[in-house]
Every structure is written in structure tokens, then in C-alpha cells.
Amino acid sequence: MTKAVCPGSFDPVTNGHVDIFTRAAKSFDEIIVLVTANPNKQSGLFNIEERMDMIRQATSHIPNIKVDTWGGLLVDYTTANHVGALVKGLRSSLDYDYELPMAQMNRRLSGVDTFFLMTDEKYGYISSSLCKEVAKYGGDVSGLVPDHVVEAMNAKFRK
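Computed from a predicted model, the values in this text were never measured in an experiment. (Residues numbered from 1 in each chain as written. Predicted model: local features only at pLDDT ≥ 70, side-chain atom pairs only at ≥ 80, totals over all residues. Heavy atoms only, no water.)

**What about the overall build of the chain?**
For the record, the criterion: In this text, helices come from DSSP runs of H or I with a minimum length of four residues, and strands from runs of E with a minimum of two, each type numbered from the N-terminal end. All radius of gyration figures rest on C-alpha atoms, and the globule criterion is 2.2 Å times the number of residues raised to 0.38. Throughout, exposure labels follow a simple rule: accessible area from a 1.4 Å probe, protein chains only, divided by the maximum for the residue type, with under 20% read as buried, over 50% as exposed, and the rest as partly exposed. We call two residues contacting when some pair of their heavy atoms lies within 4.5 Å. Residue burial considers only the protein chains on display, and all accessible areas are found by Shrake-Rupley using a 1.4 Å probe. Charge convention: Lys and Arg are scored as positive, Asp and Glu as negative, and His as well as the terminal groups of each chain are ignored. To locate a charge, take atom NZ for lysine, CZ for arginine, CG for aspartate or CD for glutamate.
Along the backbone of the chain there are 6 helices and 5 strands. Start at the N end of the chain and walk to the C end: the helices and strands fall as β-α-β-α-β-α-β-α-β-α-α. Rg of the C-alpha trace for the chain: 15 Å, near the compact-globule value of 15 Å for 159 residues, within the 12% margin. Here the C-alpha coordinates of the chain stretch approximately 45 × 30 × 30 Å along the principal axes. Expressed as a percentage of the 159 residues in the chain, the buried residues total 43%. Intrachain contacts of the chain at a sequence separation of at least 6 include 75% that bridge at least 24 residues. With the model as given, the accessible surface of the chain reaches about 8800 Å², and the carbon-plus-sulfur share is 52%. Here the chain holds 17 positive side-chain charges and 19 negative ones, and the gap between their average locations is 3 Å.

Okay, here's the thing in C-alpha cells:
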């Protein structure tokens, strides 16, 4: 069985993320969407459990997707769970420049290869950070994130 991990903070999950998960699920027997805490990012809009629930809801139509969380080194997770690949979506060369050294380090530490999927052009400009910024100031993020995420974001920002 070939397993791959799609790691990220997913705060919140976007339609671009869901597209990558969907496409990756066609190439691997099991995809684990791994919600991680990024120490370089400020505290999130959603806690880990909320993010996991939103991803489960957004991917409920894909039978070979599992959602999990991890707070340590990614390679420790892949080793402990017998995962042979990582899948990352790339929007632009900036993402590539950021992801390449991590992919090389992960391969050196564990032998796990990283597969890069180019984001569909209709999602190329979408980021969780940008969606949060737009929603924070009352902008409409419909079509950028799943509908249930729009509702959750609106509820958070109304508080």
C-alpha cells in the first residue's frame, strides 16, 4: 500500500488545498492530510481540532483520505506511520524555493521523497492567509474556501 502525507497548517483549508488532496488521492492508496503547527506563523484563526474537522468535511467524498495531526519532525511521523511520500502543492516559484530545501532535508533524514503538484491555475492566487485577511475585513471568500469554511470564518470574525 502506498501512503503519502500532505502536510500543512491549513488555517483554514482552501479549495486549492482540496484540489491537491483530490488529485493526490488518485495516485496513492492512502492520503494523510497532516495538520501541523508552523512555528513561523502566528497563532491560528482555528485550533487544530477545528482545522481537522473542516478538512474531514471538505474531503468526505474522497474515501482514501485520512486526517491526522503532528507536532514534531515530519520525518518522525512518516517513519512511525510507514509513509513513503510527501505531497506538496506549488502555486509559484516562491513556493518551490521555500519547499525545495525542506524536501531535500526530509529525503536526507528519512529517504522519503516529496512529490510536487502544480496548483490548478484557478487556485494559484489563493492562500489561507489571504483568505483570512479578506474575511477579516468583511470581504467575500465564497469560492475560495469550501462553503462550511466560509461560514466558520464569518462566525469567527463576527465575535
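**Some remarks on helix H6 (residues 147-158)**
Stated formally: Between the first and last residue of a helix there are one fewer steps than residues, each counted as 1.5 Å, and that sum is the expected span.
Taking 1.5 Å of rise per residue, 12 residues should cover 16 Å, and H6 covers 17 Å from first to last C-alpha, within 8% of that figure. Its buried side turned inward, H6 meets helix H2 (48-58) and helix H5 (128-136).

**Topic: the UniProt feature "site: Transition state stabilizer" (unreviewed entry) in the chain**
Here is the rule: UniProt positions are given in the numbering used here, feature names are shortened, and annotations may be inferred rather than shown by experiment.
As annotated in UniProt, the feature "site: Transition state stabilizer" (unreviewed entry) corresponds to His-17 in the numbering used here. Taking relative accessible area as the criterion, His-17 reaches 21% and is therefore assigned partly exposed. Once residues lying within four places of it in the same chain are set aside, the contact partners of His-17 are Phe-10, Pro-12 and Ser-128.

**Some remarks on the side chain of Asp-95**
For clarity, the cut-off: Pairs of N or O atoms are called polar contacts if they sit within 3.5 Å, as long as, within protein, a hydrogen donor faces a hydrogen acceptor (for residues adjacent in sequence, only side-chain-to-side-chain pairs).
Here Asp-95 shows up in helix H4 (residues 93-110). The class for Asp-95 is buried, based on a relative accessible area of 15%. In this structure the side chain of Asp-95 is engaged in a polar contact, spanning 2.8 Å, whose partner is the backbone nitrogen of Arg-91. Residue contacts for Asp-95: discarding those within four places in its chain leaves Gly-89 and Leu-90.

**Observations regarding the sheet that holds strand S5 (residues 113-118)**
The criterion, for reference: Criterion used throughout: strands pair if DSSP finds at least two bridges between them. Only the contacting stretch of a helix is used when fitting its axis, a line to C-alpha atoms as for every element, and angles between N-to-C directions run 0 to 180 degrees.
Strand order in this open sheet of 5 strands is S3-S2-S1-S4-S5, and the pairing throughout is parallel. Bordering the open sheet on either side are strand S3 (65-70) and S5, each of which pairs with just one other strand. Across the sheet, the mean angle separating the axes of adjacent strands is 30° when strand polarity is ignored. Sheet contacts for H2: strand S2 (30-36) and S3; angle to S2, the most-contacted strand, approximately 150°.

**Regarding a nonpolar patch on the surface**
Short version of the rule: For patch detection, residues must exceed 30% relative accessible area and be free of salt bridges, and they are connected within 9 Å for like charges or within 5 Å for nonpolar side chains (Val, Leu, Ile, Met, Phe, Trp, Tyr). Any Lys or Arg side-chain nitrogen found within 4 Å of a carboxyl oxygen on Asp or Glu counts as a salt bridge.
Taken together, the side chains of Tyr-125, Leu-130 and Val-134 make up a nonpolar region of the molecular surface, amounting to roughly 280 Å² of accessible area. In this fold, Leu-130 is placed in helix H5. Using a relative accessible area of 43% as the deciding quantity, one classes Leu-130 as partly exposed.

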